[in-house]
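Secondary and tertiary structure notes
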Amino acid sequence: IFVDRYDDGTGDFMPSLVLAGNGTPAVVWQNDSVVYASEELDLDTRIKSIEIAAAVFNAETGTFGESVALTSENEVCELAVQAAPSGNGVAVCWLENTENSLYMASGTNAIHTIAWDAETGTWGEDTLVAEGLTTLANFSAGEIGDAFYVAYSSDSETSTSVSWHNLTAGTTGVLTAA
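What comes next is a walk through the structure. All chains use their own residue numbering, which begins from 1 and follows the written sequence. This being a predicted model, a pLDDT of at least 70 is required before a residue's local features are given, and a value of 80 or more before pairs of side-chain atoms are given or counted; all residues contribute to the totals for chains, interfaces and linings. Hydrogens and water molecules were not included; the side-chain quantities draw on all heavy atoms of the structure.

**Thoughts on the pairing of strand E7 (residues 89-97)**
Across the nine residues that make up E7, a large majority, nine, are buried. In terms of strand pairing, strand E6 (residues 78-86) meets E7 through seven bridges, oriented antiparallel. Bridge assignment links Ser86 to a residue of E7, and that residue is Gly89. Where E6 folds back onto E7 in an antiparallel hairpin, the turn is made up of two residues, including Gly87, whose phi is positive at roughly 60°. Using a 1.4 Å probe on the protein chains alone, a residue whose accessible area is under 20% of its type maximum counts as buried, one over 50% counts as exposed, and one in between counts as partly exposed. Numbering goes from the N terminus for both helices and strands, where a helix is a DSSP run of H or I of at least four residues and a strand is a run of E of at least two. Between any two strands, pairing holds if DSSP finds at least two bridges.

Following this line, the structure appears as structure tokens:
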């Protein structure tokens, strides 16, 4: 049913289903924003049109509502999309690479987030969590208590570190091995 409802003729990838803090289901996925002719399907062209879309379940109708583009027309591939409960809603986090490197091997990397508020039924604004990350090994996001966190590991020339951001309180830190 999901594919039929949102099939816009473009590629749809990496769906993530999450329950909002109030229990409302939401689904987030990578959506190709362009319909390509077969001769245009080289990876370098295609990854520039990958965006993030979301839909929230409507309990009254028993279906997911209209899809919403959370990103659009920025010619930067959004990848490694994660969704997690945050407060009464949902927070969506993703990575962007300045050179559209799927393996993040060149350019610099950034982590973004955007939240859906269950009380208002609206999506907020794209928030930059971290940028200028030269090598990003992994990242994760989730709610701890009443706060929403993003954690990631990044490499420098001399070591690998794990950094965290408490987006609710606006605090950050770096973890070091004992």
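Okay, back to it.
**Details of the sheet that holds strand E11 (residues 135-144)**
Ordered by their spatial adjacency, four strands build an open sheet running E11-E12-E13-E14, and the pairing between neighbours is antiparallel. With one partner strand each, in any of the chains shown, E11 and strand E14 (171-175) form the two edges of the open sheet. Within this sheet the neighbouring strands show an average axis-to-axis angle of 20°, counted without direction. To get an axis, fit a line to the C-alpha atoms, keeping to the stretch in contact for a helix; angles then go from 0 to 180 degrees between the N-to-C directions.

**Considering the environment of Leu70**
Within the secondary structure, Leu70 is located in the loop between strand E5 (68-69) and E6. Judged by relative accessible area, which is 9%, Leu70 ranks as buried.

**Details of unusual backbone geometry**
Even without being a glycine, Met14 presents a positive backbone phi close to 50°. The class for Met14 is exposed, based on a relative accessible area of 59%. One non-glycine residue, Ala80, lies in positive phi territory at about 55°. Examined against the element boundaries, Ala80 turns out to sit in strand E6.

**Things to note about the packing of aromatic side chains**
Pairs of aromatic rings are described using the distance from one ring centre to the other and the angle between the two planes. Two aromatic rings, drawn from Phe, Tyr or Trp (for Trp, its six-membered ring), form a pair once their centres lie within 6.5 Å of each other, and the interplanar angle then sorts them: stacked below 30 degrees, edge-to-face above 60, tilted otherwise. In total, this model carries two aromatic pairs according to the counting rule given. For the ring pair Phe57 and Phe64, a centre distance of 5.3 Å and an interplane angle of 80° mean the geometry is edge-to-face. What makes Phe57 partly exposed here is its relative accessible area of 28%. Seen in terms of ring centroids, Tyr149 and Trp164 are 6.0 Å apart; in terms of plane orientation they differ by 50°. Their pairing is tilted. Placement of the pair is Tyr149 in strand E12 (residues 147-155) and Trp164 in strand E13 (residues 160-166), with a sequence separation of 15 residues. Owing to a relative accessible area of 23%, Tyr149 belongs among the partly exposed residues under this scheme. Using a relative accessible area of 25% as the deciding quantity, one classes Trp164 as partly exposed.

**Brief notes about the pairing of E14**
As paired strands, E13 and E14 are joined by five bridges and run antiparallel to one another. Note that in E14 the partner of His165 across the bridge is Thr172. Between the antiparallel neighbours E13 and E14 lie four residues, among them Gly170 with a positive phi of about 75°.

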